[in-house]
Amino acid sequence: MPFNKKKILDLAKGFRGRAKNCITIARERVEKALQYQYISRRLKKRDMRSLWIQRINAGTRHHGVKYSEFMYGLKQDNIWLNRKVLSEIAMQEPYSFKALVSRAQHATAAGAQARAEAAAKGIASKV
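Residues numbered from 1 in each chain as written. Predicted model: local features only at pLDDT ≥ 70, side-chain atom pairs only at ≥ 80, totals over all residues. Heavy atoms only, no water.

Description of a nonpolar patch on the surface
Residues F3, L11 and L34 make up a contiguous nonpolar surface patch of about 200 Å² in total accessible area. Along the polypeptide, L11 turns up in helix α1 (residues 5-11). Taking relative accessible area as the criterion, L11 reaches 33% and is therefore assigned partly exposed. (Patch = residues over 30% accessible without salt bridge, like charges linked within 9 Å, V, L, I, M, F, W, Y side chains within 5 Å. Areas by Shrake-Rupley, 256 points an atom, 1.4 Å probe, with all protein chains shown as cover. Salt bridge = Lys/Arg side-chain N within 4 Å of Asp/Glu carboxyl O. Helix = DSSP H or I, 4+ residues; strand = E, 2+ residues; numbered from the N terminus. Buried < 20%, exposed > 50% of the residue type's maximum accessible area, 1.4 Å probe, protein only.)

Now the structure itself:
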């Protein structure tokens, strides 16, 4: 690594045993710690997205709708809210979230009805 000895030992502060004061061991441990730090920054984003999806799913199940149906209904109704905002609405504003769920249900039902009418007329649908 391109760090000098002082920088390595500064980064190794708080490590256990000789990893905090022996430069050869400290260099290896600091390098591994920086790798973990790099990886964890990406895992944090993944974990947050998973948490948002769980919160939205809990809110939609409370109203009797599946998460996938809810998201599909929002897209059909042209409501483009990201998962972070939807999870905050689900937690903080249950009445607003209930309105979103009802709009998504209505959009899903309208889309299904339109596909059924198109199928009855013999028109193929991609969706």
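Observations concerning helix α5 (residues 94-121)
Compared with an ideal rise of 1.5 Å per residue, which puts 28 residues at 40 Å, α5 spans 41 Å between its outermost C-alpha atoms and is within 8% of the ideal. As for α5, its buried residues are in contact with α2 (23-62), α3 (67-76) and α4 (83-92). Of the residues one or two after α5, G122 is the one with positive phi, at around 90 degrees. (Expected span 1.5 Å × (residues − 1). Contact = heavy atoms within 4.5 Å.)

Observations regarding α4
Taken as a whole, α4 has its buried residues at L86, S87, I89 and A90. Buried residues of α4, viewed axially, fall in a sector of 160 degrees; they line one side. Buried positions along α4 lie against α2, α3 and α5. (Arc of directions from axis to C-beta.)

Some points on the packing of aromatic side chains
Enumeration over the complete set of coordinates arrives at 1 aromatic pair. Between F70 and F97, the ring centres sit 5.3 Å apart and the planes meet at 50 degrees, which makes this aromatic pair tilted. Taken together, the positions of F70 in helix α3 and F97 in helix α5 put the pair 27 residues apart, joining distant regions of the chain. Accessibility expressed as a relative area gives 0% for F70, which makes it buried. For F97, a relative accessible area of 1% translates into the label buried. Above the face of the Y38 ring, R42 is positioned so that its terminal group lies 4.0 Å from the ring centre. (Phe/Tyr/Trp six-rings, centres within 6.5 Å; stacked < 30°, edge-to-face > 60°. Lys NZ or Arg CZ within 6 Å of the ring centre and 35° of its normal.)

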